[in-house]
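Structure at a glance
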Amino acid sequence: GKSARESLEEQGLWEEFKLKYPFNPIKFQDPRLYVAGEQMTNDADLAYFGVISIGTPPQSFTVIFDTGSSNLWVPSVYCNSAACENHRRFSPGHSSTFRNAGRSLSIQYGTGSMTGFMGYDTVGVGGISVQNQMFGLSQTEAPFMAHMKADGILGLAYPRLAASQATPVFDNMMNQHLVDQDIFSVYLSKNSAAGSVVTFGGIDPNHYQGSIAWIPLSSELYWQITVDSVTVNGQIVACSGGCQAIVDTGTSNIVGPQGDIDRIAGAVGSYSANGDSPYYGCRTGLQRSNSNLWILGDVFIRQYYSIFNRAQNMVGLALAR
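Since this is a predicted model, take the numbers as computed values, not measurements.

Attention now goes to the overall build of the protein chain. Helix and strand counts for the protein chain come out as 6 helices and 21 strands. Taking all 321 residues of the protein chain together, the buried fraction comes to 55%. A separation threshold of at least 6 residues defines the contact pool for the protein chain, and within that pool the share at least 24 residues apart is 66%.

For the coordinates displayed, the defined rule picks out 2 disulfides. The disulfide bridge from Cys239 ends at Cys243, spanning 2.0 Å between sulfur atoms. Around the S-S axis, the bridge from Cys239 to Cys243 shows a dihedral of about -105 degrees and counts as left-handed. In terms of burial, Cys239 and Cys243 fall into one category: buried.

Right, let's talk about the environment of Val230 for a bit. Here Val230 lies in strand E14 (residues 230-232). Distance from Val230 to Ser240, taken between C-alpha atoms, is 7.3 Å for residues 10 residues apart in sequence. Among all residues touching Val230, those that are not within four sequence positions of it are Gln235, Ile236, Val237, Ala238, Cys239, Ile264 and Trp294.

Ordered in space as E12-E13-E16-E19-E17-E18, the 6 strands form an open sheet in which the pairing is mixed. Strand pairing shows two members of the sheet lacking a second neighbour, strand E12 (219-220) and strand E18 (286-289), which therefore form its edges. Taken together, the 4 bridges between strand E13 (residues 223-227) and strand E16 (residues 243-247) define a ladder with antiparallel strand orientation. Bridge assignment links Gln224 to a residue of E16, and that residue is Ile246.

Omega for the peptide link from Thr56 to Pro57 comes to -5 degrees, which places this bond in the cis form. Looking at the element boundaries, Pro57 is found in the loop between strand E2 (50-54) and strand E3 (59-66). Unlike most non-glycine residues, His177 shows phi in positive territory, near 55 degrees. As for its placement among the helices and strands, His177 is situated in the loop between helix H4 (169-175) and strand E9 (183-187). Backbone geometry places Asn233, a non-glycine residue, at a positive phi of 55 degrees. Tracing the backbone shows Asn233 in the loop between E14 and strand E15 (235-238). Given a relative accessible area of 75%, Asn233 falls into the exposed group.

Mean pLDDT for the protein chain: 86, with 86% of residues reaching 70 or above. Note that residues 28-42 has pLDDT below 50 and, in this model, 51 contacts with residues that lie over four places away or in other chains.

A few words now on the sheet that holds strand E10 (residues 197-200). Ordered by their spatial adjacency, 5 strands build an open sheet running E10-E9-E20-E21-E11, and the pairing between neighbours is antiparallel. Bordering the open sheet on either side are E10 and strand E11 (208-216), each of which pairs with just one other strand. Across the sheet, the mean angle separating the axes of adjacent strands is 20 degrees when strand polarity is ignored. The pairing of E9 with strand E20 (residues 304-309) spans 4 bridges and is antiparallel. Paired with Val186 across the bridge in E20 is Ser306.

Of all the 6 residues making up E20, 5 are buried; the element is thus mostly covered by neighbouring parts of the structure. A loop of 4 residues connects E20 with strand E21 (residues 314-320), the two strands running antiparallel in sequence, and Asn313 in this loop sits at a positive phi of about 50 degrees.

What follows concerns the nonpolar core. One finds Ile52, Val125, Leu154, Met173, Phe200 and Trp294 to be the most contacted residues of the largest nonpolar core, which totals 51 residues. Setting aside chain neighbours within four positions, we find Leu154 in contact with Ile52, Val63, Ile64, Phe65, Asp66, Asn71, Leu72, Val125 and Val169. Counting residues in hydrophobic clusters, the runner-up holds 22 residues, among them Met118, Met134, Phe144 and Ala150.

Further remarks concern the pattern of salt bridges. For the structure shown, the criterion picks out 5 salt bridges. Residues Arg89 and Glu85 are paired through a salt bridge, measuring 4.0 Å at the closest nitrogen-oxygen approach. Notably, a salt bridge pairs Asp151 with Arg88, separated by 3.2 Å at the nearest N-O pair. Here the residue Asp151 occupies a position in the loop between strand E7 (128-140) and strand E8 (152-155), and Arg88 occupies one in the loop between helix H3 (82-85) and strand E5 (99-109), the gap between them amounting to 63 residues. For Asp151, a relative accessible area of 2% gives the class buried.

What counts as what
Residues numbered from 1 in each chain as written. Predicted model: local features only at pLDDT ≥ 70, side-chain atom pairs only at ≥ 80, totals over all residues. Heavy atoms only, no water. Helix = DSSP H or I, 4+ residues; strand = E, 2+ residues; numbered from the N terminus. Buried < 20%, exposed > 50% of the residue type's maximum accessible area, 1.4 Å probe, protein only. Contact = heavy atoms within 4.5 Å. Disulfide = S-S within 2.5 Å. Pairing = 2+ DSSP bridges. pLDDT = per-residue confidence, 0-100. Axes fitted to C-alpha atoms, helices over the stretch in contact; angles between N-to-C directions. Core = buried A, V, L, I, M, F, W, Y, C linked by side-chain atoms within 4.5 Å. Salt bridge = Lys/Arg side-chain N within 4 Å of Asp/Glu carboxyl O.

What follows is the structure, encoded as structure tokens:
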């Protein structure tokens, strides 16, 4: 779908917006600093989302399938923020299977926060019906969410990242024996084409070619792996001696330490790592951060079919078709 950035550019508001809400990949700070909130990022280039249902009878929502977070949440009828006014809102009173969990929820964004409360209900994802899924119902949302096409987020990272002790959706799929294998895989289409898909319980051979490289996780919080190096034309330009990276469908770019990103940008002939080229309209897809943890976002995942293996705690990567 169209990203928030594209919508803002069409309205001539992007330059003003990016100054007011600068990108801040805050969710990837040291997890020992977490108190109760699950950290999320403001990324205006997000463009991949799908439809789920919640409740009986089902109420439909678009969500970002985010391997960089672990909670499911959607707007609720109790939310009056601008971001809720132009999105679909869940009504507990219209679901016969809804139960209030009696817990509050607060998710910190780089530019504000989402607050609400937790509930249980039936969640439908890709033809799979998950019973008693704990999810968040927003009561307030950060202003930038008003420009997102998706209503909410469906997190696919590990349980210990989840706020309010919620069991993630895929964990419930595994626990309720709803998937053939404890695996899900992601194919992201290029150039705004249709066909992007999250496959729960298996791997779709139509979306990759060649062999799958299996990489063991170095930490079971995000989908975190060890990267050996970054090379351009055979020369190591970044991550010399190895670095840590997470494979994250919920971030659009490749994000890394400032010096490394600048070296990659220079090696591929870009004079502006973070900005857009005013002459060619190009975007590098590279983004600086002040963290040593790299984020391999949608720019990377478009090139590599990504398999997330909970049974063996590995990530599989294969050249996307």
